Amino acid sequence: MPLERQRQAGGSGDNAAAAVAVGGAAVIIGVITLISGAIGLAVGYGIMNSKKWGFIAGAALYGFNALMSVVQVIQGQTMNLIGIAISGALLFYCVQRLTGKLGEKPL
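All of the points below concern the structure found in this document. Everything quoted here is computed from the prediction, not taken from an experiment.

Considerations on the overall build of the chain
The number of helices and strands found in the chain is four helices and zero strands. Mapped in sequence order, the helices and strands of the chain form the string α-α-α-α. Of the contacts made within the chain by residues no fewer than 6 positions apart, 42% connect residues no fewer than 24 positions apart. A total accessible area of about 7700 Å² is found for the chain, and carbon and sulfur atoms account for 70% of it.

Digging into the side chain of S69
Within the secondary structure, S69 is located in helix α3 (residues 52-74). Excluding residues within four positions of it along the chain, S69 makes contact with N80, G83 and I84.

Quick notes on the packing of aromatic side chains
Counting across every chain of the model gives one aromatic pair. Between the aromatic rings of F55 and Y93, the centroid separation amounts to 6.0 Å while the plane-to-plane angle is 55°, which identifies the pairing as tilted. Of this pair, F55 sits in helix α3 while Y93 sits in helix α4 (residues 81-99); the two residues are 38 residues apart in sequence, bridging distant segments of the chain.

Some details on the nonpolar core
Grouped together as the largest cluster of nonpolar side chains are six residues: V43, I47, F55, A59, Y62 and C94. Listed by contribution, the elements that provide at least two residues to this core are α2 (13-48) and α3.

Observations concerning α3
End to end, α3 covers 33 Å across 23 residues, agreeing with the expected 33 Å (1.5 Å per residue, within 8%). G54, F55, G58, A59, Y62, A66 and S69 are the residues of α3 that are buried. At the exit of α3 stands G76, carrying a positive phi of roughly 105°.

Describing a nonpolar patch on the surface
There is a patch of nonpolar side chains on the surface, built from V27, V31, I35 and I39 and spanning about 350 Å² of accessible area. Along the chain, the position of V27 falls in helix α2. With a relative accessible area of 54%, V27 lands in the exposed category.

About the thresholds
Residues numbered from 1 in each chain as written. Predicted model: local features only at pLDDT ≥ 70, side-chain atom pairs only at ≥ 80, totals over all residues. Heavy atoms only, no water. Helix = DSSP H or I, 4+ residues; strand = E, 2+ residues; numbered from the N terminus. Contact = heavy atoms within 4.5 Å. Areas by Shrake-Rupley, 256 points an atom, 1.4 Å probe, with all protein chains shown as cover. Phe/Tyr/Trp six-rings, centres within 6.5 Å; stacked < 30°, edge-to-face > 60°. Core = buried A, V, L, I, M, F, W, Y, C linked by side-chain atoms within 4.5 Å. Buried < 20%, exposed > 50% of the residue type's maximum accessible area, 1.4 Å probe, protein only. Expected span 1.5 Å × (residues − 1). Patch = residues over 30% accessible without salt bridge, like charges linked within 9 Å, V, L, I, M, F, W, Y side chains within 5 Å. Salt bridge = Lys/Arg side-chain N within 4 Å of Asp/Glu carboxyl O.

Following this line, the structure appears as structure tokens:
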């Protein structure tokens, strides 16, 4: 079979290379998601046990999340307004607990 016919029939190596690239990207996204989930779990544990490090990490995490949501809203993804509200509320809670204005200061 001539090379031109193979390309028309989808037999070229370009499709295989694209499939490998997509698969590799999916693995990277999966690993990032797992790491993000583990960090969120650790922050939640620290906040539930009223640990100071939990509130500090929570403030950093929710502040970053709110900032990323703002960037996405600026890009036109208006559904992230909900994310801004949730992240903002959690950021506010963490900061208020750290300063002692809402409940006891964490240990």
